[in-house]
Amino acid sequence: MSFRDDGAIAIEALDAFAANARGRGGPVIRQPALGDLDRRLGLERLIAEGGLTGDALRNFLTDYLAASTRLHHPGYMAHQVAVPLPHSAIAALVDAFCNNAMAIYEMGPAAATVEFAVVNWMLDKVGWRPSPPPDAARTGERHGGGVLTHGGSLANLTALLAARGRVTPRAWEDGTPKNLVIVASPASHYSIARAAGIIGLGQKAIRHAPTDAMGRLDPACLGGFLADLRKDGAEPLAVIANACGTALGLYDPLRDIAERCREHGAWLHVDGAHGASALLSGRLRSLLDGIELADSVVWDAHKMLGCSTLCAAVLVRDHADLDHAFREEASYLFHEKDQPGFDFIHRTVECTKAALGLKMFFALAVQGEQAIAATIERQTDLARTAAAILRAERGIELAVEPESNIVCFRLDGSDDLQIALRRRLTEKGDFYISTTEALGRRWLRLALMNPATEPSDIEGLIMELRGLRAAVLLEMS
Ligand SMILES: Cc1ncc(COP(=O)(O)O)c(C=O)c1O
């Protein structure tokens, strides 16, 4: 049972898995029944008897990977999860092996230092002052702050807790005032409504502000909307802007929204989980124009930065907002001690925290940020090409002109037809796409995450959908 030998078996299996998927050797996705898969993997026996090493490990990985979704396959176009850069996965292994629970500096100085550096890199990209190192002389100047969390959903919750600390500083002791409301567009990610539930406001606290025809927040109506809320006794906890929205991938007009928020003293939170990575591109950055006027930003590295799941950043313009979001007493962790570094624990829901920054750092540091920016641009260009191909097709409707790497379209027919088409497509296995509701209808949805996907794959997808349509219509009649 050698780490080296078993590690080599695992790396060889993963390398073959990726190469096979890139070469389209097999379906993108298989959906075996859980009970069958459990038996095939021999889970019960292995748990009871052990022995998962050498040939047993090799065999197990063969079965495990056969039932794993192939993100490396060019037909993978379903969800906003990166095809990870291999070195990001190596970072995950390093982290898992060291197991440095780095939320307190003493448990993982290297991991905490990397997180400090990548958070500062992100703050700089947003246009905020990075944090000075803890041992720097204090200038009293305001600067940004941030923390990495396990995913954008937790990051959105954390940002709203930071907003709560500013808007109602006594909420930690007294509870969340019932008149707080969250102003968002119906296109905001469901984690925002979940956060409202978790904070104790209830989902009724989500107030949908007017939008344009494409579902983007309409800044012209926002000021009046905020004023009316206050007239009715409500207090905005935050205005949520999408950058970009999950369903259609469209960016809200951040600068105008931010100006209205400032006029009305409202906290602006930009959910850039998917789209903030466009900040790296000189060509695409204008989509996020005005982001620096926000109070908080969420930015997932495991979506467009090639980072293995999970790694999301909560960033705030003023670090004090995040520092005051939580309070804690834990004598086993907090007491007088030498502090040469920085404890992220005060900024996060989590206590034991993985070295998320390392995965992001490896993704950036192996290629360099220019190469990652080029990939983001390539995937956005691919979406525009896909839109042009789809628009030229008879019997296919494009939802909107894409602004990111997300493309929504539908074949002539009902909402049920779109769902049935996607089911048949998934069964066939050459392509894996998602569906979404937007603008009052259901669409087939592509999240073009894979740099190996070509325009010819979009053409192949359309052909396959057309081929399946007749059979699906027959099935539905
Ligand atoms: C705009 C937006 N915000 C938040 C999230 C949630 O992120 P995560 O899946 O990392 O929790 C998503 C996920 O797709 C998203 O698109």
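Residues numbered from 1 in each chain as written. Predicted model: local features only at pLDDT ≥ 70, side-chain atom pairs only at ≥ 80, totals over all residues.

J.: For this particular structure, what's the right way to read the pairing of strand β4 (residues 235–242)?
T.: Note on strand geometry: in a regular strand, side chains alternate between the two faces of the sheet. In terms of burial, β4 is largely enclosed, as 7 of its 8 residues are buried. Note: strand β2 (residues 180–184) against β4, 4 bridges, orientation parallel. Paired with Leu180 across the two strands is Glu235, which belongs to β4. In this structure, β4 lies alongside strand β5 (residues 268–271), joined through 4 bridges in parallel fashion. Bridge pairing links Asn242 to Asp271 in β5. (Buried ≥ 20, exposed ≤ 12 C-beta atoms within 10 Å, placed from the backbone. Helix = DSSP H or I, 4+ residues; strand = E, 2+ residues; numbered from the N terminus. Pairing = 2+ DSSP bridges.)

J.: Is there a simple way to explain the pairing of strand β10 (residues 434–438) in this structure?
T.: Sheet topology places β10 next to strand β11 (residues 441–447); 5 bridges connect them, and they run antiparallel. When the bridges of β11 are listed, Ser434 appears paired with Arg445. Connecting β10 to the antiparallel partner β11 that follows it, the hairpin turn spans 2 residues, and Leu439 within it adopts a positive phi of roughly 55°.

J.: Got a minute to help me understand the domain arrangement of the protein chain in this structure?
T.: How big an interface is tends to be expressed through the accessible area that disappears when the partners come together. Examined at the domain level, the protein chain breaks down into domain 1 (3–67), domain 2 (94–367) and domain 3 (369–476). A C-alpha centroid distance of 31 Å is found between domain 2 and domain 3. With 22 residues of domain 2 in contact, the opposing surface of domain 3 contributes 19 residues. Tallied by class, the residues present in the side of domain 2 that touches domain 3 amount to 13 nonpolar, 8 polar and 1 charged. (Domains from an automatic or database assignment. Contact = placed C-beta atoms within 7 Å. Nonpolar A, V, L, I, M, F, W, Y, C, P; charged D, E, K, R; others polar.)

J.: Which parts of the structure should I look at to understand the environment of Leu160?
T.: Here Leu160 is to be found in helix α7 (residues 152–167). Leu160 gets classed as buried once you count the C-beta atoms within 10 Å, which come to 28. Spatially, the C-alpha atom of Leu160 lies 9.4 Å from that of Trp267, the residues being 107 residues apart in sequence. Other than its neighbours up to four places away in sequence, Leu160 contacts Ala195, Ile199, Leu237, Ala238 and His269.

J.: How should I be thinking about the packing of helix α15 (residues 369–391) against helix α17 (residues 455–476) in this particular structure?
T.: To describe two helices that pack against each other, one gives the angle between their axes and the distance between the axes. Contact geometry for α15 and α17: axes closest at 10 Å, N-to-C directions at 35°. In this structure, α15 crosses over α17, and the sense of that crossing is right-handed. For the pair α15 and α17, the contacting residues are Thr385, Ala386 and Ile389 in the first and Pro455, Ile458 and Glu459 in the second. (Axes fitted to C-alpha atoms, helices over the stretch in contact; angles between N-to-C directions. Left-handed = near helix turned anticlockwise from the far one by under 90°.)

J.: How should the site of the ligand be read in this particular structure?
T.: Every one of the 13 residues lining the ligand counts as a neighbour, but Gly151, Gly152, Ser153, His189 and Ala273 are closest to it. In terms of residue count, α7 provides more of the shell around the ligand than any other element does, 3 residues in total. Of the residues belonging to the shell around the ligand, the class tally is 2 nonpolar, 9 polar and 2 charged. (Near = placed C-beta within 6 Å.)

J.: Would you mind going over the sheet that holds β2 with me for this structure?
T.: Sheet strands associate in pairs through backbone hydrogen bonding, adopting either a parallel or an antiparallel arrangement. Reading across from one edge, β1-β7-β6-β5-β4-β2-β3 is the order of the 7 strands in this open sheet, with mixed pairing throughout. Each edge of the open sheet carries a strand with a single partner, namely β1 (145–149) and β3 (206–208). Neighbour to neighbour, the strand axes of the sheet diverge by 20° on average, direction disregarded.

J.: Explanation requested: the sheet that holds strand β9 (residues 406–411) in the structure shown.
T.: Taken together, the 4 strands give an open sheet; going across it, the order is β8-β9-β11-β10, and neighbouring strands pair in antiparallel fashion. Single-partner strands in this sheet number two, and they are β8 (396–398) and β10. The sheet shows a mean angle of 40° between the axes of neighbouring strands, direction not considered. Bridge count between β9 and β11: 4 bridges; the pairing is antiparallel. Bridging across to β11, Val407 finds its partner in Leu446. In this fold α15 packs onto β8, β9 and β11, with an angle of close to 15° to the strand it touches most, β9.

J.: What is the right way to read helix α5 (residues 86–98) from this model?
T.: Owing to its 3.6 residues per turn, the α-helix brings residues three or four apart onto one side. The first and last C-alpha atoms of α5 sit 19 Å apart over 13 residues, in line with the 18 Å expected at 1.5 Å per residue. Three or more residues of α5 are buried, namely Ser88, Ala91, Ala92 and Asp95. Along the axis of α5, the buried positions cluster into a sector of 105°, meaning they face one direction only. The inward-facing, buried residues of α5 abut α14 (356–367). The positive-phi residue at the C-terminal boundary of α5 is Asn99, with phi of around 55°. (Expected span 1.5 Å × (residues − 1). Arc of directions from axis to C-beta.)

J.: Which parts of the structure should I look at to understand the packing of helix α16 (residues 415–428) against α17?
T.: Running from amino to carboxyl end, α16 crosses α17 at an angle of 120°, the nearest separation of the two axes being 9 Å. At the point where α16 passes α17, the crossing takes the right-handed sense. Along the contact surface, α16 presents Asp416, Leu417, Ala420, Leu421, Arg424, Leu425 and Lys428, while α17 presents Glu464, Leu465, Leu468, Arg469, Ala471, Val472, Glu475 and Met476. When its residues are assigned to classes, the contact of α16 with α17 shows 9 nonpolar, no polar and 6 charged.

J.: Sorry, what's going on with helix α9 (residues 190–199) here?
T.: Residues of α9 that are buried: Ser191, Ile192, Ala195, Ala196 and Ile199. Summarising the axial view, the buried residues of α9 lie within an arc of 155°, below the 170-degree limit, and thus occupy one face. Looking at the buried positions of α9, the neighbouring elements they touch are α7, β2, β3 and β4. Looking at the residues trailing α9, positive phi occurs at Gly200, about 100°.

J.: Just to check I follow, could you spell out the environment of Thr246 for this structure?
T.: Tracing the backbone through its elements, the reader meets Thr246 in the loop between β4 and α11 (254–263). For Thr246 and Met214, which are 32 residues apart along the polypeptide, the C-alpha to C-alpha distance reads 13 Å. When residues no more than four places from it in sequence are discounted, the contact partners of Thr246 are His189 and His274.

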